[in-house]
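A structural walkthrough
What follows is the residue order along each chain.
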Amino acid sequence: MDFGGINPVILIAGLMATAVPILLAALGETVVERSGVLNLGVEGMMVIGALGGFVTAVHTGSPALGFLGGAVAGALLSLIFAALTQVFLANQVATGLALTLFGLGVSSLGGQGYNGIKPPHTPGLLPEALAGIPVAGPILFGHDWVVYFSIAMTALVWWVLKATRIGLIIRAVGESHDSAHALGYKVNRIRLLCILFGGAMAGIGGAYVSLARVPQWVDGITAGAGWIALAIVVFASWRPWRVLAGAYFFGGIGALQLNVQVSGGIPLGILGLIALVCGAILAVGLLRRSTPERPQMHPAAVAVLAVPPLVWVVGLAMGVTQIKVPVEYLSMAPFVLTIVVLVIMSSGRGKAATGAPASLGQNFHASR
Amino acid sequence: MTGTQPADSAETTARPELLRVEGITKAYPGVVANSDVSFTIREGEVHALLGENGAGKSTMVKMIFGLVRPDSGRMTLRGKPYAPAKPAEARRLGVGMVFQHFSLFEALNVAENVALGMENPPPMRELAARIRAVSEEYGLPLDPARMVGDLSAGERQRVEIIRCLLQDPKLLIMDEPTSVLTPQEVEILFKTLRQLSREGTAILYISHKLEEIRSLCDTATILRRGRVVATCTPRDRTAREMAELMVGSSLQPPERSRGEKGPVALGVSDLSVASPIPFGTSLKAVSFTVARGEVLGIAGVAGNGQDELLLALSGELKSDADRVRIDSHAAGHLGPSERRKAGLVAAPEDRYGHAAAPDMSLVENALLSGAVRKGLTRAGFIDWAATKAFAEEIITAYDVRTPGPDVAARALSGGNLQKFLMGRELMQGASVIVINQPTWGVDAAAAAAIRQSILDRAAEGAAVVVISQDLDELLEVADSFAVLNEGRLTRPRSTDGLTMEEIGLMMGGAHGMEVAHHAEA
Amino acid sequence: MLRLEKRPTPSRFWLYATPVVAVVLTMIVGGILFALMGKNPFEVIRTIFWDPVFGEFAFYLRGQLLVKAGPLILIAIGLALGFRAGIWNIGAEGQYIMGAVVGASVGLAVFPTDNRLIFPVMVLAGAFGGWAWAMIPAILKTRFNTNEILVSLMLVYVAQTILAKAATGFLKNPEGMGFPGSRNFSSYPAAANPELIAGSGLHWGGVTALVTAVLAYILLSRHIAGYQIKLAGQAPRAARFHGVSPTRLVMLCMGLSGALAGLAGLFEVTGPAGQISIDFNTGYGFTAIIVAFLGRLNPLGIVLAGFLMALTYVGGEMASTNLGLPAAAIQVFQGMLLFFLLAVDVLTNYRFRLGAGAASAGAK
């Protein structure tokens, strides 16, 4: 099957790889926010991780050590955030922003002299033969280990948060730091560890950009991925598998962007697919908003869901297969889509219903 | 309370010693919370720690539970030195605590909440089974899978108690456990506590409610300003005797002169609003009227819509215009400023962050709700001199102890800040006054003063609504009485001849007991 | 062991002392950083902080200070109002760009008409552009409860795309021989924003910034709206009890900060930058966040902080050309300044105490 010049198998395989940086960073931030901390410095930690990973990999020749370096770099930067917010009780929003500005500066300073160098290649994990299987091969077996690692981490974070005592304590601290303190838990210490985990994950995500996606060193290489990761956490309602879904959606947009730059336009089928996903999210959002007192939202949800296929059918009937979209507009698509999805997911619901940790963004100080 | 079982006091003294507290002193900057406190708790004894708000009870038990460290003095548990560095250590040595403000997590379920309070919790499935078993054994029905945010205050307390019981404690500390319970729920709790005591668990019971202590406790240690002033057997003393030991002077009940009721000043009809608070209670078809010169007391266990009612009356929650009428003008659609202009002032319960901005000065806090009626702004520009004068006026009239009007609100003690905030609303000459918890956390003398001024305003012709969880307070000030229960208000009735049993029934009896009957059946 | 204890009343001394301490700490640590990079730290610090004001080329550089400080102050004051109220508009960069693009479009649309009203209308259009761009997160927040931090930030990227489109497309200079960028306003006097006093660096943007600072100061200290902004930030529930409508407050703060950022953009593009180009924006919208905090969210403090930050820009450029210090080092330096400020700020509301404390399980 062919969607106007774009191969869906390649697209899906591509989006799994494109999604890795935002998926890892968003998973880390999920844990951080579940513990009640809002770290807006994800972009900074990612870009520092990208540099740390790149430099380590170039000097050691080992991509694996490179990712470790990225993790360490991200965690070190997040340590600044942890110290400021957990020890000095600084405002989390301001500190997070400062972290991003600082991270961008440091990475651009430290990255001088690395422009134009090729990092060592991150090889595929499984034998080439497996990847050669039609359809399933590229999607299931053709990736490097970091792609599998990101999926494994999704499962791990989900399991730890849901089923382990550590996860329970993290959730408890994020829910009510006063109660947790009264029971004798070290609120700030637990949060500090979560922040470091978030930093390491963002760092690995950043390293994947500079070692596998691009792969070279450019100033500001992460180009806003950290902010998208933050947005994904919100509209995933702080749940790991939904983070994966959100990351793959944006990964899909990113992969599509590359494809379209080659083929020159968006195939109608793909456009319909995006519209369908957006429509589905919107419909879910609308259904959630409807209360027994306001049931009139249900028809709206159905209508919204019906529009994309309708447009597609009409388009097909008229013989349109591809829609030309200027590159500039496509490059702002992830950001516009993020806003749209954020609006849908946050509309009409209180803090409790969104699943936001109750202490999110508040500092804890044990007074008396 | 009925069903008192007099314990044999000779047997009580014969029991072995469990916890001995000797010469404990703890000072905070500016206040000495405990000074040279000593007492002894025996196994299976129900021991009361009695004292006013601020007498040092909470600090004392926090030290026993390892949350706070004493400056000097020592404790022994079964003869061995006892100095827990953290609650986990206290729990391991058999000391459990049920907090006054629960240490619970609303978005987690009962079993998870229990697990968080245990050192080595069993797997969730096993834990759930044990919760069920213990809750049946002690007559405290509880479903381990329910979200704590959806539970009533009484049920939440059961979570805390069961959390302690699963650790098989030798000493159970209960901090003001009955302030959130209906009279019927108090009975259930006492039954459980007596059963525990029979099985040999000692209970340290913190309260300022004298009748409860007389009904439940074997021994009472009375604290005043951080010092032990007496140790007695509560059953041998009258409530009045103990009250005077606790307060240190004899108390005057407030004077009230029942004037003629005037025309209706506040009318609420069929008011339903959704709660803006997570896990809050929505108001359902609330209707009542208050006349000039009348005080309406609204009782109810915390979390049954009190906060929402205050928001709906103050104007922070709007409704259809006709649902709320102030002096027969439709006001439901008005915001707080417009309602103040129309003659209604309100005092929310939470002093820190709702009624007052803690980091702002008293002057700025005087402006907070006084701007409209006191004319403190001109064309939007603030008249700081007039605002300061208003703040000073309140400070003088209500005897607020503060270095001056420019200190931050949070620097004042709870009682002093409450006096300031009450004064701020009561001194605006409003025709309708709504107050939620007028004396929460305030010492007896200040509480009496606040109640007196509420009665004075009513005598001057204001219509007053007092929302409170303190039944004694309501019976003291109110002319008519109603109860909020799960967002519904009972029909107000006169306080004349009202009995505790009737009030208990109005409050909806014991919550969640259907489950218990199910289990028994 | 050291532990923190909350002060009963915020310390006035530390409120004013923290920025100074933060600057000194940044100089020390920054100096170490420069030393590690193989530069003479004293020379670098002198080049950045001393030479622009008192050095050999000060006659020219002092003017540059005002050129850079103007937009920073203008944007930071708007942001500070929002930050005070707990409304986090961090997309000022986008509003700045949109103000410039909309204002410039108006001016270029009537090229080459000569009318005295053209520039004032462009100023209004610039403010409108920034205001409208800020209204997107504001409306989404009030209507759908959407996080304004993320939305305003996403819109920066969108604005940058629009800017690129403007510079290479709809505003491209038809006589520009195919190079990207609009017509230069310096050759269109009716729409230009020239230096008011030669060599001073003062243009209408600087004037507006200083006037705005004074007005904002009066608003915050004397007007009920300023009181409401502070109240909403410190105790949101108390603000609602007072009678503040959160919706109106978000609209007001976002709108004001957007309009001010838009103005800054318009003044920049018609004055110092001269034309719409892909990269005429130099990150003022983000640096202004640092300026706002460094100035303690106080308009008069922001004026001082704006000049200090302008100093790091101007001095940084000098250090870059004269001493070969990388431009990124200045960015690091600015980030560090904000970190130290945030860290030292704890002393305003807390004090350090020695010994075992009230709530310190395990302090020994």
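Just so it is clear, the model here is predicted, and its values are computed rather than measured. (Residues numbered from 1 in each chain as written. Chains lettered and ligands numbered in written order. Predicted model: local features only at pLDDT ≥ 70, side-chain atom pairs only at ≥ 80, totals over all residues.)

1. Description of the overall build of chain B
When its secondary structure is counted, chain B shows 18 helices and 23 strands. Overall, the C-alpha framework of chain B stretches about 70 × 55 × 45 Å when taken along its three principal axes. In chain B, which comprises 521 residues, the share counted as buried stands at 51%. Of the contacts formed within chain B by residues at least 6 apart in sequence, a portion of 69% connects residues at least 24 apart. (Helix = DSSP H or I, 4+ residues; strand = E, 2+ residues; numbered from the N terminus. Buried ≥ 20, exposed ≤ 12 C-beta atoms within 10 Å, placed from the backbone. Contact = placed C-beta atoms within 7 Å.)

2. Some remarks on the overall build of chain C
Looking only at helices and strands, chain C has 15 helices and two strands in total. Against the compact-globule benchmark of 21 Å for 364 residues, chain C has a radius of gyration of 22 Å, which places it among compact chains. Projected onto its principal axes, the C-alpha positions of chain C cover 75 × 55 × 35 Å. In chain C, the share of contacts with a sequence separation of at least 24, taken over all contacts with a separation of at least 6, comes to 79%. (Rg over C-alpha atoms; globule rule 2.2 N^0.38 Å.)

3. A few points about the confidence of the model for chain C
Residue and element names in this part refer to chain C. Averaged over all residues, the pLDDT of chain C is 87; the fraction at 70 or higher stands at 96%. Mean pLDDT per element in chain C: strand β1 (residues 2-6) is the minimum at 75, and helix α11 (residues 246-270) is the maximum at 95. Two numbers describe this predicted complex: its pTM, 0.83, and its ipTM, 0.84. (pLDDT = per-residue confidence, 0-100.)

4. Considering the interface of chain B and chain A
Counting from both sides, the interface comprises 16 residues of chain B and, opposite them, 13 residues of chain A. Looking at the side of chain B that touches chain A, the elements that each hand over two or more residues are α3 (87-92) and α4 (110-116) of chain B. The element best represented in the side of chain B that touches chain A is α4 of chain B, accounting for three residues. In the side of chain B that touches chain A, the residues fall into eleven nonpolar, two polar and three charged. (Nonpolar A, V, L, I, M, F, W, Y, C, P; charged D, E, K, R; others polar.)

5. Overview of helix α14 (residues 414-426) of chain B
Residue and element names in this part refer to chain B. Across its 13 residues, α14 extends 18 Å between first and last C-alpha, which sits within 8% of the 18 Å expected from 1.5 Å per residue. Within α14, twelve of the 13 residues are buried, which leaves the element mostly enclosed by the surrounding structure. Buried residues of α14: Gly415, Asn416, Leu417, Gln418, Lys419, Phe420, Leu421, Met422, Gly423, Arg424, Glu425 and Leu426, and no others. (Expected span 1.5 Å × (residues − 1).)

6. A few points about the pairing of strand β7 (residues 171-175) of chain B
Residue and element names in this part refer to chain B. Extensive coverage of β7 is indicated by the burial of five of its five residues. What you see with β7 is no split at all: Leu171, Ile173 and Asp175 on one side and Leu172 and Met174 on the other are buried throughout. Both β7 and strand β8 (residues 202-207) contribute to a ladder of five bridges, which runs parallel. Looking at β8, one finds that Met174 is bridged to Tyr205. Between the parallel elements β7 and β8, the chain passes through helix α7 (residues 183-198) in a crossover that is right-handed. (Pairing = 2+ DSSP bridges. Right-handed = clockwise from strand over helix to strand, strands pointing away.)

7. Observations concerning the sheet that holds strand β14 (residues 324-326) of chain B
Backbone-to-backbone hydrogen bonds join strands into a sheet, with any given pair of strands oriented parallel or antiparallel. Residues and elements named next belong to chain B. Reading across from one edge, β12-β11-β14-β15 is the order of the four strands in this open sheet, with antiparallel pairing throughout. Edge positions in the sheet fall to β12 (283-291) and β15 (329-330), since each has one partner strand and no second. Both strand β11 (residues 264-273) and β12 contribute to a ladder of six bridges, which runs antiparallel. For Val268, the partnering residue across the bridge sits in β12 and is Phe288. Here helix α10 (residues 306-314) sits on the sheet and contacts β11, β12 and β14; the angle it forms with β12, its principal contact strand, is near 60°. (Axes fitted to C-alpha atoms, helices over the stretch in contact; angles between N-to-C directions.)

8. What about the interface of chain A and chain C?
Each partner contributes to the interface: chain A provides 41 residues, whereas chain C provides 40 residues. Contributing elements (two or more residues each) for the side of chain A that touches chain C: α4 (63-87), α5 (92-110), α12 (225-235) and α16 (327-346) of chain A. In terms of residues, the side of chain A that touches chain C owes the most to one element, α5 of chain A, which gives twelve residues. Considering only residue class, the side of chain A that touches chain C consists of 26 nonpolar, 13 polar and two charged.

9. Quick word on the confidence of the model for chain B
Residues and elements named next belong to chain B. Mean pLDDT for chain B: 85, with 91% of residues reaching 70 or above. Within the model, the stretch residues 1-10 combines pLDDT values under 50 with nine contacts to residues more than four positions away or in other chains. A low-confidence stretch, residues 512-521 stays under pLDDT 50, and its non-local contacts, those more than four residues away or across chains, total ten contacts.

10. Notes on helix α5 (residues 124-137) of chain B
An ideal rise of 1.5 Å per residue puts 20 Å on 14 residues; α5 of chain B measures up with 20 Å between its terminal C-alpha atoms. A positive phi of about 65° marks Gly139 of chain B, the residue just after α5 of chain B.

11. Notes on the environment of Val407 of chain B
Of note, Val407 of chain B is situated in the loop between α13 (384-397) and α14. C-alpha separation for the pair Val407 of chain B and Asp359 of chain B, spaced 48 residues apart in sequence, amounts to 9.0 Å. Leave out the neighbours within four places in its chain, and Val407 of chain B touches Ser361, Leu362 and Thr402 of chain B together with Thr9 of chain C.

12. Comments concerning the nonpolar core
Generally speaking, a soluble globular protein has its nonpolar side chains buried in company with each other. In terms of nonpolar packing, the biggest core is built from 395 residues, with Ile22 and Ile232 of chain A, Ile173 and Val466 of chain B together with Ile75, Ala76 and Ala292 of chain C touching the most fellow members. For this core, the element with the highest residue contribution is helix α11 (residues 187-213) of chain A, accounting for 16 residues. Each residue touching Ile75 of chain C, except ones within four places of it in the same chain, is listed here: Ala92, Tyr96, Leu260, Ala261, Ala264, Tyr284, Gly285 and Ala288 of chain C. (Core = buried A, V, L, I, M, F, W, Y, C linked by C-beta atoms within 7 Å.)

13. A short note on unusual backbone geometry
Note: most peptide bonds trans; most residues except glycine with negative phi. Following Phe111 of chain C, the chain continues into Pro112 of chain C via a peptide bond in cis, with omega recorded as 0°. Tracing the sequence through the fold places Pro112 of chain C in the loop between α5 (92-109) and α6 (118-144). Even without being a glycine, Ala223 of chain A presents a positive backbone phi close to 45°. Mapped onto the elements of the fold, Ala223 of chain A is located in the loop between α11 and α12. For Asp168 of chain B, which is not glycine, the phi dihedral falls at a positive 55°. Within the secondary structure layout, Asp168 of chain B lies in the loop between α6 (153-165) and β7. On the basis of neighbour counts, which here come to 9 C-beta atoms within 10 Å, the residue Asp168 of chain B falls in the exposed class.

14. Quick notes on the sheet that holds strand β10 (residues 227-232) of chain B
All names here are of chain B. A sheet is described by the order of its strands in space; here six strands give the open sequence β6-β7-β8-β3-β9-β10, paired in mixed fashion. The open sheet is flanked by β6 (95-98) and β10, the only strands paired with a single partner. Along the sheet, successive strands turn relative to each other by an average axial angle of 20°, direction set aside. Helix-sheet contacts for α6 involve β6 and β7, and the interaxial angle to β6 is about 175°. The sheet strands contacting α7 are β3 (46-50), β7 and β8, and the helix crosses β8 at an angle near 145°.

15. Structural notes on the environment of Asn363 of chain A
All names here are of chain A. Summarising the element assignment, Asn363 is placed in the segment after α17 (351-354). Residues Asn363 and Val187 lie 176 residues apart in sequence; the distance between their C-alpha atoms is 9.9 Å. Apart from the residues within four sequence positions on either side, Asn363 is in contact with Thr85, Leu89 and Gln92.

16. Some words on the packing of α4 of chain A against α11 of chain A
Residue and element names in this part refer to chain A. Across the interface, α4 lies against α11 with an axial gap of 6 Å and an inter-helix angle of 140°. Taken as axis vectors, α4 and α11 run oblique relative to one another. For the pair α4 and α11, the sense of crossing is right-handed. Along the lines of polarity and charge, the residues of the contact of α4 with α11 split into 18 nonpolar, ten polar and one charged. (Parallel < 35°, antiparallel > 145°, perpendicular 65-115°, else oblique. Left-handed = near helix turned anticlockwise from the far one by under 90°.)

17. Focus: the pairing of β8 of chain B
All names here are of chain B. For β8, a buried count of six out of six residues is recorded, marking the element as mostly surrounded by other parts of the structure. The side-chain alternation of β8 yields two buried faces, one formed by Ala202, Leu204 and Ile206 and the other by Ile203, Tyr205 and Ser207. Here β3 runs beside β8; their pairing, made up of five bridges, is parallel. The residue bridging Ala48 from the neighbouring strand is Tyr205, located in β8.

18. A look at the packing of α14 of chain B against helix α15 (residues 444-459) of chain B
Describing two packed helices takes the angle between their axes plus the distance from one axis to the other. All names here are of chain B. Between α14 and α15, the least distance of the axes is 10 Å, while the angle of their chain directions is 5°. Considered as vectors, α14 and α15 are oriented roughly parallel to each other. Where α14 abuts α15, its residues Gly415, Lys419, Met422 and Leu426 lie against Ala446, Ile450, Ser453 and Arg457. Across the contact of α14 with α15, the residue classes tally to four nonpolar, two polar and two charged.

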